[in-house]
Amino acid sequence: MQKNFIVTLFVFISSFQFSCSASNPNQIFIRANQVGFLPEDIKSAVVFSEYPLYSKEFKILNVQNGKTIFESEVSDSGYNYSKFSHCYTVDFSELNKPGMYLLEIDGQKSYPFKIDKRVFNSVRDSLMIFFSVQRCGPTNPYLHGPCHLSDVARLIGDPDTEMADLTGGWHDAGDYLKFLSTTAYTTYMLIFSYEFNKQKFGFDNNKDGVPDVLAEARVGIDWLLRCNYDGNKLVTQVQDLRDHDVGWRMPEEDTLRYDRPGFVAIGKNQIGMFSAALALASKVWAERFLDYEFAEKCLNAAEKLYQIRNNVPDIDESPSGFYQDNHFYGKLALAAIELFLTTKDEQYLLDAKEYADSADSDYWWSWGNLNSLAHYRLGKIEPRYIDYIANSLRHYDETKNSSIFKEGIPYSWGTTNSLLGVTLQAILYKHLTGKNDFDSLAVYQRDYVLGRNPWGISFIYNIGSVFPKNFHSQIAYFKGGYLPGALSAGPAPLDLLENYNIERTNFTYDYFNTDSIKYYDDRMDYITNEPTIVGNATALFVYGYYSNR
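Below is a summary of the structure that appears in this document. Predicted, not measured: the structure shown is a model, and the values here were computed from it. (Residues numbered from 1 in each chain as written. Predicted model: local features only at pLDDT ≥ 70, side-chain atom pairs only at ≥ 80, totals over all residues. Heavy atoms only, no water.)

Remarks on the pairing of strand 14 (residues 261–264)
(1) Moving on: Burial along strand 14 is two-sided: the face carrying Pro-261 and Phe-263 and the face carrying Gly-262 and Val-264 are both buried.
(2) Moving on: One ladder, built from three bridges, connects strand 11 (residues 154–156) with strand 14; its direction is parallel. Bridged to Leu-155 within strand 14 is Gly-262.
(3) Moving on: Pairing between strand 13 (residues 235–238) and strand 14: three bridges, direction antiparallel. If you follow Val-238 over to strand 14, its bridge partner there is Gly-262. (Buried < 20%, exposed > 50% of the residue type's maximum accessible area, 1.4 Å probe, protein only. Helix = DSSP H or I, 4+ residues; strand = E, 2+ residues; numbered from the N terminus. Pairing = 2+ DSSP bridges.)

Written out as structure tokens, the structure reads:
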């Protein structure tokens, strides 16, 4: 009986999957979150076509029995999208009964989606797996063997020291470089997620007695401590751009594995993120594991570097040009407030306030634009700091009204991370105030990444019905495209893409590209289709927040 039901369900679902493709220019295209919704969620979809709808009615069907369980009318949106001059919105927020459903309009059917209070658990768990794929060194990585066991061959930028132990950590993206800035951000976010909500982020999928996010954070902490190889010095990057020139290879077979330099640099920005991550680690490891010796080691490293912040440049210089930072106030504010929360030293609180006021609202989100984290921490102590987060959110909320897809931030390199950063900031605001002013803004960005976008793709591997198959990832290339939990960087503006000579061969989604915004599911496209530890760290917080244990 169960087998027959599965076969029937497969045939039923297969019958409508072509309705979302670009095979017929007269088609209606339905764009919705392909994973689903919490029962109490705002639930919406976008419908667009080159031609007007024959009927303005839509139905929600139960996938199991095909019965109509909800009916209403689509709304004219007043928007155009590229060549699609007929754009509509669908709202079915009233539907809150758990089940598996699909949306039907004018005979076209959407991909199936679920309504359930645990609908995002699988997304959270999948995102978690990606970090183990990115592990470097003898850290029990997934999908590849221990690698780069000789990091680093030599230090560049320190005439007094030739070598340091920089094994471990995570590969930053689809290549095999490692960066202090992105590792510090990722480590911080993993620990912050746990402390933000120990119930939601205390999951232990491998049953080893340690919350998965903290077990993974330890990979980052250990590497950050190695980066601080000398009390007043930091290694900010391992390997150079030759990594991109030697062809596709598995990390354990890297032809450069014995020739990976480490670059010494320092700036207030790097000190800020390093000290924030290590101070928070100290607090959590003392409280959760009673590991006071390790906690003290982390705190000593954080405080020692923080104390020299006024004797270093404002911004470190990236030898590769990647992740070149522009700001430091928000990062020093985050370091200072975490040091205060760990030590209760009032001077750190005074510093945090001064730096946070100087940081102001940054109206963005990325690995380098995270002022809202410091403002959130301070907002729990002094409510006026909530205003800085609210300023950014009001800006995003206004920006979303310029598009039917409700993007809160313009497209950039790392669009999906920035969009989810909007949701992250809305979550912080709601946690501080209890207000739901920006709930719809948060959900639109969340759902955009899972399919409510022009291309009708979930940007997370194996999540939803349609997802990237050709990530710019060396490991995925050798695993037939398999890259569990990887978040694609997502669409980018043409004026950015034109600066890089990328020879693409996959144009599956080109029908939905515009003159100004493009996305390619192409393994050569390191701008729109590369996953990063930073993007996954942001996504893990967001989808973990919406999960339920």
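Side note on the packing of helix 2 (residues 121–134) against helix 4 (residues 212–227)
(1) Moving on: Direction vectors running N to C along helix 2 and helix 4 enclose 25°, while the axes themselves pass 11 Å from each other. As the angle between them shows, helix 2 and helix 4 are arranged roughly parallel. Judged by the sense of rotation from one axis to the other, the crossing of helix 2 with helix 4 is left-handed. For the pair formed by helix 2 and helix 4, the contact residues are Met-128, Phe-131 and Ser-132 on the first element and Asp-212, Val-213 and Glu-216 on the second. (Axes fitted to C-alpha atoms, helices over the stretch in contact; angles between N-to-C directions. Parallel < 35°, antiparallel > 145°, perpendicular 65-115°, else oblique. Left-handed = near helix turned anticlockwise from the far one by under 90°. Contact = heavy atoms within 4.5 Å.)

Some words on the pattern of salt bridges
(1) Moving on: Under the criterion given, the structure shown has 31 salt bridges.
(2) Moving on: Between Glu-195 and Arg-377 there is a salt bridge whose closest N-O contact spans 2.5 Å. Residue Glu-195 is located in helix 3 (residues 180–196), and its partner Arg-377 is located in helix 9 (residues 371–379); the two are separated by 182 residues in the primary sequence.
(3) Moving on: Under the relative-accessibility criterion, Glu-195 is labelled buried at 16%.
(4) Moving on: Residue classification places Arg-377 among the buried residues on the basis of a relative accessible area of 8%.
(5) Moving on: A salt bridge links Lys-400 to Asp-397, with the shortest nitrogen-to-oxygen separation between them at 3.0 Å. Note that Lys-400 and Asp-397 are positioned in helix 10 (residues 386–400) at a spacing of three residues, about one turn of the helix.
(6) Moving on: Because the salt bridges share partners, they merge into one network encompassing Asp-151, Lys-178, Asp-243, Arg-249, Asp-254 and Arg-260. (Salt bridge = Lys/Arg side-chain N within 4 Å of Asp/Glu carboxyl O.)

Digging into the nonpolar core
(1) Moving on: Core analysis: the largest hydrophobic core is formed by 146 residues, its most contacted members being Tyr-188, Phe-192, Leu-373, Trp-455, Phe-541 and Tyr-543.
(2) Moving on: Counting residues per element, this core draws most heavily on helix 5 (residues 268–289), at eleven residues.
(3) Moving on: What Phe-541 contacts, discounting residues up to four positions off in sequence, is Met-189, Phe-192, Ser-193, Phe-196, Phe-201, Leu-424, Ile-427 and Leu-428.
(4) Moving on: Grouped together as the second largest cluster of nonpolar side chains are 20 residues, Ala-45, Val-47, Ile-60 and Tyr-88 included. (Core = buried A, V, L, I, M, F, W, Y, C linked by side-chain atoms within 4.5 Å.)

Regarding helix 5
(1) Moving on: Between its first and last C-alpha atoms helix 5 spans 31 Å; for 22 residues at 1.5 Å apiece the expected length is 32 Å, and the two agree.
(2) Moving on: Of the residues one or two after helix 5, Leu-290 is the one with positive phi, at around 55°. (Expected span 1.5 Å × (residues − 1).)

Concerning the sheet that holds strand 1 (residues 29–32)
(1) Moving on: Strand order across the open sheet formed by four strands is 1-3-7-6, with antiparallel pairing between neighbours. Each edge of the open sheet is held by one strand with a lone partner, namely strand 1 and strand 6 (75–76).
(2) Moving on: Here two bridges tie strand 6 to strand 7 (residues 86–91), and the two strands are oriented antiparallel to one another. Its bridge partner lying in strand 7, Asp-76 is registered against Tyr-88.

Quick notes on the packing of aromatic side chains
Aromatic ring pairs are defined here through the distance separating the ring centres and the angle between the ring planes.
(1) Moving on: Under the definition given, this model contains 53 aromatic pairs.
(2) Moving on: Judged by centre distance (5.0 Å) and plane angle (65°), the rings of Phe-179 and Tyr-323 are edge-to-face. Taken together, the positions of Phe-179 in strand 12 (residues 178–179) and Tyr-323 in the loop between helix 6 (292–306) and helix 7 (329–343) put the pair 144 residues apart, joining distant regions of the chain.
(3) Moving on: According to the relative accessible area criterion, Phe-179 is buried, its value standing at 3%.
(4) Moving on: For Tyr-323, a relative accessible area of 22% puts it in the partly exposed group. (Phe/Tyr/Trp six-rings, centres within 6.5 Å; stacked < 30°, edge-to-face > 60°.)

Here we look at the sheet that holds strand 12
(1) Moving on: Across the sheet, which stays open at both edges, the four strands sit in the order 11-14-13-12 with mixed pairing between neighbours. The sheet is open, and its two borders are formed by strand 11 and strand 12, each paired with just one other strand.

Some remarks on a nonpolar patch on the surface
(1) Moving on: On the surface, a nonpolar cluster with roughly 240 Å² of combined accessible area is contributed by Ile-129, Tyr-142 and Tyr-482.
(2) Moving on: As for its placement among the helices and strands, Tyr-142 is situated in the loop between helix 2 and strand 11.
(3) Moving on: Judged by relative accessible area, Tyr-142 falls into the partly exposed class, the value being 34%. (Patch = residues over 30% accessible without salt bridge, like charges linked within 9 Å, V, L, I, M, F, W, Y side chains within 5 Å. Areas by Shrake-Rupley, 256 points an atom, 1.4 Å probe, with all protein chains shown as cover.)

Details of the state of the cysteines
(1) Moving on: Within this structure, the stated rule accounts for zero disulfides.
(2) Moving on: Cys-147 supplies the cysteine sulfur nearest to Cys-136, a cysteine that is in no disulfide, at a spacing of 4.0 Å.
(3) Moving on: Using a relative accessible area of 0% as the deciding quantity, one classes Cys-136 as buried.
(4) Moving on: Between Cys-227, a cysteine without a disulfide, and Cys-136, which holds the nearest cysteine sulfur, the sulfur-to-sulfur distance is 11 Å. (Disulfide = S-S within 2.5 Å.)

Some remarks on the packing of helix 4 against helix 6
(1) Moving on: Close contact between helix 4 and helix 6 brings their axes to 11 Å; oriented N to C, the two are set at 50°. Classed by the angle they form, the pair helix 4 and helix 6 counts as oblique. Crossing angle aside, the handedness with which helix 4 passes helix 6 is left-handed. Contacts between helix 4 and helix 6 involve Arg-218, Ile-221, Asp-222 and Leu-225 from the former and Phe-294, Lys-297, Cys-298 and Ala-301 from the latter.
(2) Moving on: Split by residue class, the contact of helix 4 with helix 6 holds five nonpolar, no polar and three charged. (Nonpolar A, V, L, I, M, F, W, Y, C, P; charged D, E, K, R; others polar.)

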